[in-house]
Amino acid sequence: MMKEGISFRCIRLGALVIAAASLLSLLGWMIQIDRTVKVTQKFQDEFEINRTAQKKKSEKLVREYCSRYGPELEKEKNSDFSNLIVVEEYKLMYCSVPKVACTVWKRLLAQLQGINVTNGVHKNTRGKLTILSNYDKDNQERILNSYTKFMFVREPFERLLSAYRDCFHGSYKTTAPYWKDYHKFVKDVLARCNGCNNDTLPGDVTFEQFATFLVIQWREGALFQEHWREQYNLCHPCQIQFDFIGHYETLAEDALFILRKTNLENKVEFPHWNPTDTKSLIQEYYSTLSFLRIKQLQTIYQKDAQLFGYSYPRSLEMIVNKHIRERL
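Presented here is a report on the structure given in the accompanying data block. Here the structure is a predicted model, which means the values were calculated and not measured.

1. Focus on the pairing of strand E2 (residues 92-95)
The side chains of a regular strand alternate between the sheet's two faces.
Part 1 of the reasoning: Residue alternation in E2 divides its side chains into two sets, Leu92 and Tyr94 and Met93 and Cys95, and both sets are buried.
Part 2 of the reasoning: In the sheet, strand E1 (residues 84-87) pairs with E2 via 4 bridges, with the strands oriented antiparallel. Each residue of the ladder has a partner; that of valine 86, found in E2, is methionine 93.
Part 3 of the reasoning: Once E1 ends, the chain turns through 4 residues before running back antiparallel as E2, passing lysine 91 with a positive phi of about 50 degrees.

2. Some remarks on helix H4 (residues 137-146)
Part 1 of the reasoning: Those residues of H4 lying buried are Gln140, Ile143 and Leu144. Axial view of H4: buried residues confined to an arc of 95 degrees, hence all on one face. Counted as exposed and oriented over 90 degrees from the buried face of H4: Asp138 and Asn145.
Part 2 of the reasoning: On its buried face, H4 sits against E1, E2 and strand E4 (148-153).

3. Digging into the pattern of salt bridges
Part 1 of the reasoning: Evaluation of the coordinates by the stated rule reveals 13 salt bridges.
Part 2 of the reasoning: The residue arginine 51 makes a salt bridge to aspartate 254 at a minimum N-O spacing of 2.5 Å. You can see arginine 51 sitting in helix H1 (residues 2-74) and its partner aspartate 254 sitting in helix H9 (residues 251-261), a full 203 residues away along the chain. The exposure classification of arginine 51 matches that of aspartate 254, with both residues buried.
Part 3 of the reasoning: For lysine 149, the salt bridge goes to aspartate 243, with nearest N and O atoms at 3.6 Å. Of the two residues, lysine 149 sits in strand E4 while aspartate 243 sits in the loop between helix H8 (231-235) and strand E5 (244-247), which places them 94 residues apart along the sequence.
Part 4 of the reasoning: Given a relative accessible area of 28%, aspartate 243 falls into the partly exposed group.

4. Considering the sheet that holds strand E3 (residues 130-131)
Part 1 of the reasoning: Taking strand neighbours across the sheet as the criterion, the 5 strands line up as E3-E1-E2-E4-E5 in an open arrangement whose pairing is mixed. Only two strands of the sheet have a single partner each, and these edge strands are E3 and E5.
Part 2 of the reasoning: Against the sheet, helix H2 (residues 102-112) engages E1, E2 and E4, with an angle of about 160 degrees to E2.
Part 3 of the reasoning: With respect to the sheet, H9 is in contact with E4 and E5, its orientation differing from that of E5 by roughly 155 degrees.

5. Observations regarding a nonpolar patch on the surface
Part 1 of the reasoning: Together, Leu23, Leu24, Leu26 and Leu27 make up a nonpolar patch on the protein surface, roughly 390 Å² of accessible area in all.
Part 2 of the reasoning: Secondary-structure assignment places leucine 24 in helix H1.

6. Comments concerning the nonpolar core
Part 1 of the reasoning: Ranked by size, the top nonpolar core spans 56 residues in total, and within it Met93, Trp105, Leu132 and Phe242 carry the most contacts.
Part 2 of the reasoning: Sort the elements by how many residues they give to this core and H2 lands first, with 7 residues.
Part 3 of the reasoning: Non-local contacts of leucine 132, meaning those with residues more than four positions away in its chain, are made with Phe81, Leu84, Val86, Met93, Gln140, Ile143 and Leu144.
Part 4 of the reasoning: Among the nonpolar cores identified, the runner-up in size contains 36 residues, and Tyr164, Phe207, Ala211 and Tyr301 belong to it.

7. A closer look at the state of the cysteines
Part 1 of the reasoning: Taken as a whole and assessed by the stated rule, the structure comprises 2 disulfides.
Part 2 of the reasoning: There is a disulfide in this structure between cysteine 66 and cysteine 238, and the S-S distance comes to 1.9 Å. Judged by the sign of its S-S torsion, about -85 degrees, the cystine formed by cysteine 66 and cysteine 238 is left-handed. Placement of cysteine 66 in helix H1 and of cysteine 238 in the loop between H8 and E5 is noted, with a sequence separation of 172 residues between them.
Part 3 of the reasoning: A relative accessible area of 16% places cysteine 66 in the buried class.
Part 4 of the reasoning: Accessibility expressed as a relative area gives 29% for cysteine 238, which makes it partly exposed.

About the criteria used
- Residues numbered from 1 in each chain as written.
- Predicted model: local features only at pLDDT ≥ 70, side-chain atom pairs only at ≥ 80, totals over all residues.
- Heavy atoms only, no water.
- Buried < 20%, exposed > 50% of the residue type's maximum accessible area, 1.4 Å probe, protein only.
- Helix = DSSP H or I, 4+ residues; strand = E, 2+ residues; numbered from the N terminus.
- Pairing = 2+ DSSP bridges.
- Arc of directions from axis to C-beta.
- Contact = heavy atoms within 4.5 Å.
- Salt bridge = Lys/Arg side-chain N within 4 Å of Asp/Glu carboxyl O.
- Axes fitted to C-alpha atoms, helices over the stretch in contact; angles between N-to-C directions.
- Patch = residues over 30% accessible without salt bridge, like charges linked within 9 Å, V, L, I, M, F, W, Y side chains within 5 Å.
- Areas by Shrake-Rupley, 256 points an atom, 1.4 Å probe, with all protein chains shown as cover.
- Core = buried A, V, L, I, M, F, W, Y, C linked by side-chain atoms within 4.5 Å.
- Disulfide = S-S within 2.5 Å.

Here it is, written out as C-alpha cells:
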C-alpha cells in the first residue's frame, strides 16, 4: 500500500511538472506572439506615418504649383480624359500614365471588375475598362467630386528613356503595325525638317534623333504620343484634385498604402515589383545629346518635375557640367 501511495504521488508530481512546463511554454509562446504583434503594429504605424507624410508633401507641391501657375495651365486646359479609368463599383478613378506601372494597375482594376487578364493587358482591356470621357458632363462632375482618385508619376528623364527603349527597341512594339507606322512618321518629320528624303535616315531611330523629333513636335505645338506626353498633360492635376499621387520610385509602398486606404487590400494584391533599371542607363543615352537638346528637353518636362517634386538627375547633371566645361 505504501509503495502504491508513493507511486501515485510520483505520478501526480510528474503530471504537475508536465503541466507547469506546458504552461510555461504557452506563456512563452503568448509573449512571443505579443512581441510579434507589437513589432508588426509598430511597423504598420511607421508605414502609415511615412506614407501619410509623403501624401501630404505631394499634395502641397501640386497645390502650390497650381496656385502659382494655374492661369498658365488654364490655357492648356482640355477635356481629354481618355487616360482616366473609372471603376464604378468601388468608386475609384485611376489616371493611367504609360511607363509608370500602368500595365499592373490596369490588370488589377480589370480584376476588380471580374475581368481576368494575364497577357496582352492593354489589348485585352481595351473597350472593357470604362474611361471618364465616356460619361456626360454631369456624371464626369459627379465622379470627380465624389470618387477616390489616384495616379502614379515618374522622374521625367527616366520615364522618357524608358519610353524610347520600349517603343523603338521593345520586342512587341518593333513589330506591331501601329508602331511600324509611327517609326516611319518620326523619320518623315526628321527628313522634312532636315530637308532630306526619308531614305537618307536608314536603320533604327536613334535616341538623338528621337530627342530632335520631340523638340520639333514641341515647337509645332503638337500633342505628344501618350508614352512621352507630359504627365500633367495626361492626368490634369491642376483640374482634378487627386487623393493620392504615388511615385514609381516608391511604387510597392505607395501601392500598398492606396489599396489599404481604399479597402481593397483583401480584394487584389499588388505583385512583387522589380522595376526596370533605366536610371543606370541615363549616362549612356543622354551623353549622345548636345547641351542645347538636353536643356530643351528640360524645358519640355519642367512642369512635371516641379509639380511632382523631382530634381535634376545627378547623372544628367554630370553630362551638362561636362558640356559646360568643354565650352569654357
